[in-house]
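This is what each chain is made of:
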Amino acid sequence: MRQAFHIFRTNARRLWPQIALFVVVLALKNVGYRFALLLLPACWFLIAALVHQEAIPGHRQFWITRPYRWTSLLGAKVMFILIFIHAPLLVSDCVGLIREGFSPLHDVSGLIERQALLSLELVVPPLAIASVTSGITPFAGFYVPFALFSLAAWYGVIPMYINPGITGLDWLASQILAVAAGVILAVVIVRQYAARHTLSGRAGVVAALLLPFLPVAWNTALYATTLAIKPGALAPMRLEADPGRMAEWEGETCFSLPVKLVGADPSLDLDPLGARVAVDAPGFHLQGGWQRETSLRERGDGYREKVCMARSDYTRAVDQSDRHGTVAVTATVAFAAWPGSVQSRAWLGRGRVAVPGVGTCASGPFGPRCLTPLRPERRGFAVWEERGLHLATLTYGRYHLPFEVTLGTSPVLSFSPLIFPNYNRFDFIVGPNAEISFSTRTNGAIYSVQLHYPRVRLFAAGAK
Amino acid sequence: MTATDYPITCDGLSKKYRGADALEGLHLRVPAGSIYGLVGPNGAGKTTAIQTMMNIVRPTRGAARILGTDSRRLGPDDFARIGYVSENQQMPDWMTVGYFMNYLKPFYPTWDDALANEMLRGFDLPLNRNLSQLSRGMRMKASLASSLAYRPKLLILDEPFSGLDPAVRDEFIEGMLESAAGGDTTIFISSHDLAEIESFASHVGYLERGRLQFSEEMSSLTARFREVVVTLEAPLTELPRQLPATWLRPQLAASTVRFAASDFDEERTPAEIRQFFAAARDISAAPMALREIFVALARRNAK
């Protein structure tokens, strides 16, 4: 322990400029959340500099022939990270909460869990990469492609990583992969410090960094799990193609499928999750991926699923349609039903108000804004049967609200796709003096049903 | 044989880099208290041998025991008794000399402040200057001072003299020998500077192309090697065939034959010479410098 503290002090003395830079970036993050984007490189390069003080690969470092205990060396690095990275992050979170009127003591477990999750993102990967590299240049060689690839995947530049929009149990896949990657990286770190197995360590790091990007059909696989819940068991609510309406092509590449909902309990909140659509015409079969429902929702007698396809697919469909310009469409439509209960209501537009059980809401330049601490993502999931319903937990993103926010009857479920979402801030925009209701939604049921539309008109009759 | 008798033992120590043998079956015993010079041309495998002994690289085959511990298992307790100085070693350049010494002190239970200060003064090292600002010679001296201040049982030096000017080199050697003389430190030093090694080494080993050609006491080596000059009664046109293998690089110039005898014996060698050269009028044998010995060995091996 004494040796670890000795190394720690020396590292801290050497790296004070990098520490200062990290703290400044962290402070800026509280000023404007977009500065949070700088946090990743600031943190990664601080950790790289820390580890490279006693670089592990190589034959020339003075420390490898000195009586360093690997446990002390690793312990010193961990001590440094706890004191100069995690502690400031924790303080920053607490300051953010206090500034918005929340007590950090209110959600201690959430704060700690957040530190653990941040560790997976901000600490473990750079620590592992730095442990298998000898300097900042090879470290950047790992970091830059990884960062670019991550951003490309995150923003959907790479088609295979476009989020299909099925929230279902996707989070489980990402958690499994993230935890597996974290475990591999942790093993690499310990092996490097204990025995300096750099070659295999590098292979491990590459494998772990690529793991979350594996083109495994997790979404489909997990969604198939939810589909295994037999729709028939979910009676008395039914979803069926609406025979009273003609399905029509709406625009160039989108059309809406009329869906009729029968026997729905009016107290249920319904969230269409999406549809998987196949288009058939003589000599033509097009199997689409999951399409996210795009808010064309009409309560009461049914709603429409809006489905879009690529222009090239659309052109092919038109070419292959019959002489009446119609095709057959088979759609697997999925939606979640939530037994909601209104928890509280608030009128906004009158300055800052406290909403019981929610937090503080206030009008802002772009509309009212509510601030509330989010709960960390749930660990594990369950599908079970209760009172005839098959229930499953559903989460949205890394953190989820402890309640659902609804504006009128439409749920507000958007999260900014930032790498570092401002976790204690949930922004949404409504008109002036809008009534917003906050309701709890714990367990919901996922429904899915296959619908067949034998004649979907692609365009005005006779136009072909 | 114990670790006390031989602080370094190597048995078949081998190391390959990308299929090429950098070190091949090194068998070595370094007696306690000796100053062992491992010499050989550049690329002979000296640094590889030392790095394998220090567990900086892992051997492909064979094993080395350093102070009784398998080199692959050298740990902090072992390194606390070993001093290591290498021309290639990276230093924490941002530290001042004083900070560097103070930083290392807690790592060594046997650190001797008085000795450290004495060496810093003796080497005339500026305490407040960063290591990055020191000349190569000063850096080597700082490295040596930091490796002797805890009175190591074994001091391993890898090419410590290369690039040092003669004055600094003498100072370095003097400091090393003075510090080692007080205790029971064994010194293992690699170098291609034969003249320097000759001046203080008690044992010497010659490594070439990864193989140890010989390893023995310096006194025995210099005793058995002689530059022999045979003056004949009449000139010869060619040397006899089947000359003893221990006669290295025999040369004929009219009526004079020269060679390096690698196992010279006052009585046996002249008798052997007369067997091949019955008309030998005069035989003279002069001691050889270490450099001459290695040149003779290198030429023989180059054939």
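Residues numbered from 1 in each chain as written. Chains lettered and ligands numbered in written order. Predicted model: local features only at pLDDT ≥ 70, side-chain atom pairs only at ≥ 80, totals over all residues. Heavy atoms only, no water.

Comments concerning the overall build of chain A
Looking only at helices and strands, chain A features 10 helices and 20 strands. Looking at chain A as a whole, 50% of its 464 residues qualify as buried. Taking contacts inside chain A between residues at least 6 apart in sequence as the whole, the part at least 24 apart equals 76%. By element, 63% of the accessible surface of chain A is carried by carbon and sulfur atoms, the whole surface being about 21300 Å². (Helix = DSSP H or I, 4+ residues; strand = E, 2+ residues; numbered from the N terminus. Buried < 20%, exposed > 50% of the residue type's maximum accessible area, 1.4 Å probe, protein only. Contact = heavy atoms within 4.5 Å. Areas by Shrake-Rupley, 256 points an atom, 1.4 Å probe, with all protein chains shown as cover.)

What about a negative patch on the surface?
All names here are of chain B. A cluster of acidic residues, Glu118, Asp170, Glu174 and Glu178, forms a negative patch at the surface. When residues in the negative patch are grouped by element, the largest group, 3 residues, is from helix α6 (residues 166–181). Relative to the assigned elements, glutamate 178 resides in helix α6. Here glutamate 178 falls in the exposed class, since its relative accessible area comes to 54%. (Patch = residues over 30% accessible without salt bridge, like charges linked within 9 Å, V, L, I, M, F, W, Y side chains within 5 Å. Salt bridge = Lys/Arg side-chain N within 4 Å of Asp/Glu carboxyl O. Lys, Arg positive; Asp, Glu negative; His and termini not counted. Charge placed at Lys NZ, Arg CZ, Asp CG, Glu CD.)

A few points about the confidence of the model for chain B
With 96% of its residues at a pLDDT of 70 or more, chain B has an overall mean of 87. When mean pLDDT is taken per element in chain B, helix α3 (residues 97–104) of chain B scores highest with 95 and helix α10 (residues 290–302) of chain B scores lowest with 76. (pLDDT = per-residue confidence, 0-100.)

Concerning the packing of helix α1 (residues 2–14) of chain A against α3 of chain B
A pair of packed helices is captured by two measures, namely the crossing angle of their axes and the spacing between those axes. Running from amino to carboxyl end, α1 of chain A crosses α3 of chain B at an angle of 155°, the nearest separation of the two axes being 11 Å. Between α1 of chain A and α3 of chain B, the interaxial angle falls into the category roughly antiparallel. The residues of α3 of chain B that touch α1 of chain A, namely those facing His6, Ile7, Thr10 and Arg13 of chain A, are Tyr99, Asn102 and Tyr103 of chain B. Along the lines of polarity and charge, the residues of the contact of α1 of chain A with α3 of chain B split into 3 nonpolar, 3 polar and 1 charged. (Axes fitted to C-alpha atoms, helices over the stretch in contact; angles between N-to-C directions. Parallel < 35°, antiparallel > 145°, perpendicular 65-115°, else oblique. Nonpolar A, V, L, I, M, F, W, Y, C, P; charged D, E, K, R; others polar.)

Some details on helix α1 (residues 46–53) of chain B
Residues and elements named next belong to chain B. With 7 of 8 residues buried, α1 is to be regarded as a mostly interior element. Along α1, the residues that are buried comprise Lys46, Thr48, Ala49, Ile50, Gln51, Thr52 and Met53. Remark: asparagine 55 follows α1 within two positions and exhibits a positive phi of approximately 60°.

Re the packing of aromatic side chains
One pass over the full model with this rule turns up 26 aromatic pairs over all chains. Ring centres 5.8 Å apart and planes at 15° place the aromatic pair phenylalanine 8 of chain A and phenylalanine 84 of chain A in the stacked group. One end of the pair, phenylalanine 8 of chain A, is in helix α1; the other, phenylalanine 84 of chain A, is in helix α4 (residues 70–99), and 76 residues separate them in sequence. Residue phenylalanine 8 of chain A is classed as buried on the basis of its relative accessible area, which comes to 7%. Linked through ring pairs, Phe5, Phe8, Phe80 and Phe84 of chain A together constitute an aromatic cluster. Lying across the ring of phenylalanine 214 of chain B, arginine 224 of chain B places its NZ or CZ 5.7 Å from the centre. (Phe/Tyr/Trp six-rings, centres within 6.5 Å; stacked < 30°, edge-to-face > 60°. Lys NZ or Arg CZ within 6 Å of the ring centre and 35° of its normal.)

Points about the interface of chain B and chain A
Residue-level contacts link 29 residues of chain B with 21 residues of chain A. Of all residues in chain B, Trp94, Tyr103 and Phe107 of chain B bury the most surface against chain A, accounting for 29% of the area lost on that side. Aspartate 77 of chain B is the salt-bridge partner of arginine 69 of chain A, the closest N and O atoms lying 2.9 Å from each other. Remark: the boundary between chain B and chain A carries 11 residue pairs in polar contact (both at pLDDT 80 or more). Contributing elements (two or more residues each) for the side of chain B that touches chain A: α2 (76–79), α3 and α5 (136–148) of chain B. Broken down by element, the side of chain B that touches chain A gets its largest block of residues, 5 residues, from α3 of chain B. The residue inventory of the side of chain B that touches chain A, partitioned by class, reads 18 nonpolar, 9 polar and 2 charged. (Buried area = accessible area lost by both parts, 1.4 Å probe. Polar contact = N/O pair within 3.5 Å; in protein donor to acceptor, adjacent residues only side chain to side chain.)

Remarks on unusual backbone geometry
With a phi close to 55°, arginine 196 of chain A is a non-glycine residue in the positive phi region. Arginine 196 of chain A sits in the buried class, given a relative accessible area of 19%. A positive phi is found at arginine 249 of chain B, a non-glycine position, where the angle reads about 35°. The topology assignment puts arginine 249 of chain B in strand β12 (residues 247–253).

Examining the nonpolar core
One finds Met53 and Phe188 of chain B to be the most contacted residues of the largest nonpolar core, which totals 141 residues. Residues within four places of methionine 53 of chain B in sequence aside, it is in contact with Ile8, Cys10, Leu26, Leu28, Ala64, Ile66, Ser71, Leu74 and Phe188 of chain B. Residues Ala275, Ala281, Phe284 and Leu286 of chain A belong to the second largest nonpolar core, which totals 16 residues. (Core = buried A, V, L, I, M, F, W, Y, C linked by side-chain atoms within 4.5 Å.)

Brief notes about the side chain of arginine 196 of chain A
Of note, arginine 196 of chain A is situated in the loop between α7 (170–195) and α8 (198–210). Only 3.1 Å separates the side chain of arginine 196 of chain A from the backbone oxygen of glycine 58 of chain A, close enough to count as a polar contact. At 3.4 Å, the side chain of arginine 196 of chain A forms a polar contact with the backbone oxygen of isoleucine 56 of chain B. Once you skip the residues sitting within four places of it in the chain, arginine 196 of chain A turns out to touch Ile56, Pro57, Gly58, Gln61, Ile64 and Arg191 of chain A together with Asn55, Ile56 and Arg58 of chain B.

Overview of the pattern of salt bridges
Residues and elements named next belong to chain B. Taken as a whole, this structure holds 17 salt bridges over all chains when the rule is applied. Here glutamate 24 and arginine 211 are joined by a salt bridge, their closest N and O atoms 2.9 Å apart. Of this pair, glutamate 24 sits in strand β2 (residues 20–30) while arginine 211 sits in strand β10 (residues 211–217), and the two are 187 residues apart along the sequence. Judged by relative accessible area, which is 23%, glutamate 24 ranks as partly exposed. Of the residues examined, arginine 211 reaches a relative accessible area of 45% and is grouped as partly exposed.

Concerning the sheet that holds β10 of chain B
The strands that make up a sheet are held in pairs by hydrogen bonds between backbone atoms, and each pair lies either parallel or antiparallel. Residue and element names in this part refer to chain B. Read across the open sheet, the 6 strands follow the order β6-β7-β8-β3-β9-β10; overall the sheet is mixed. The outermost strands of the open sheet, each flanked by one partner alone, are β6 (82–86) and β10. In this sheet, adjacent strand axes meet at a mean angle of 15° when their direction is disregarded. Two strands pair when backbone bridges link them, and strand β9 (residues 203–208) and β10 are joined in this way by 6 bridges, in the antiparallel orientation. Bridging across to β10, tyrosine 206 finds its partner in phenylalanine 214. Those strands touched by α1 are β3 (35–39), β6, β7 (154–158), β8 (186–191) and β9, and its axis lies near 145° from that of β8. (Pairing = 2+ DSSP bridges.)

Some thoughts on α8 of chain A
Residue and element names in this part refer to chain A. For α8, which comprises 13 residues, the first-to-last C-alpha distance of 18 Å matches the rise-based estimate of 18 Å (1.5 Å per residue) to within 8%. Buried residues of α8: Thr198, Gly201, Gly204, Val205, Ala208 and Leu209, and no others. Summarising the axial view, the buried residues of α8 lie within an arc of 125°, below the 170-degree limit, and thus occupy one face. (Expected span 1.5 Å × (residues − 1). Arc of directions from axis to C-beta.)

Let's talk about the packing of α3 of chain B against α5 of chain B
Residues and elements named next belong to chain B. Axis separation between α3 and α5 bottoms out at 10 Å; the angle between their running directions is 25°. When the interaxial angle is binned, α3 and α5 end up roughly parallel. Handedness of the crossing formed by α3 with α5: right-handed. For the pair α3 and α5, contact is made by Phe100, Met101 and Leu104 and by Ala142, Ala145 and Ser146, respectively. Classifying every residue of the contact of α3 with α5 by side-chain character gives 5 nonpolar, 1 polar and no charged. (Left-handed = near helix turned anticlockwise from the far one by under 90°.)

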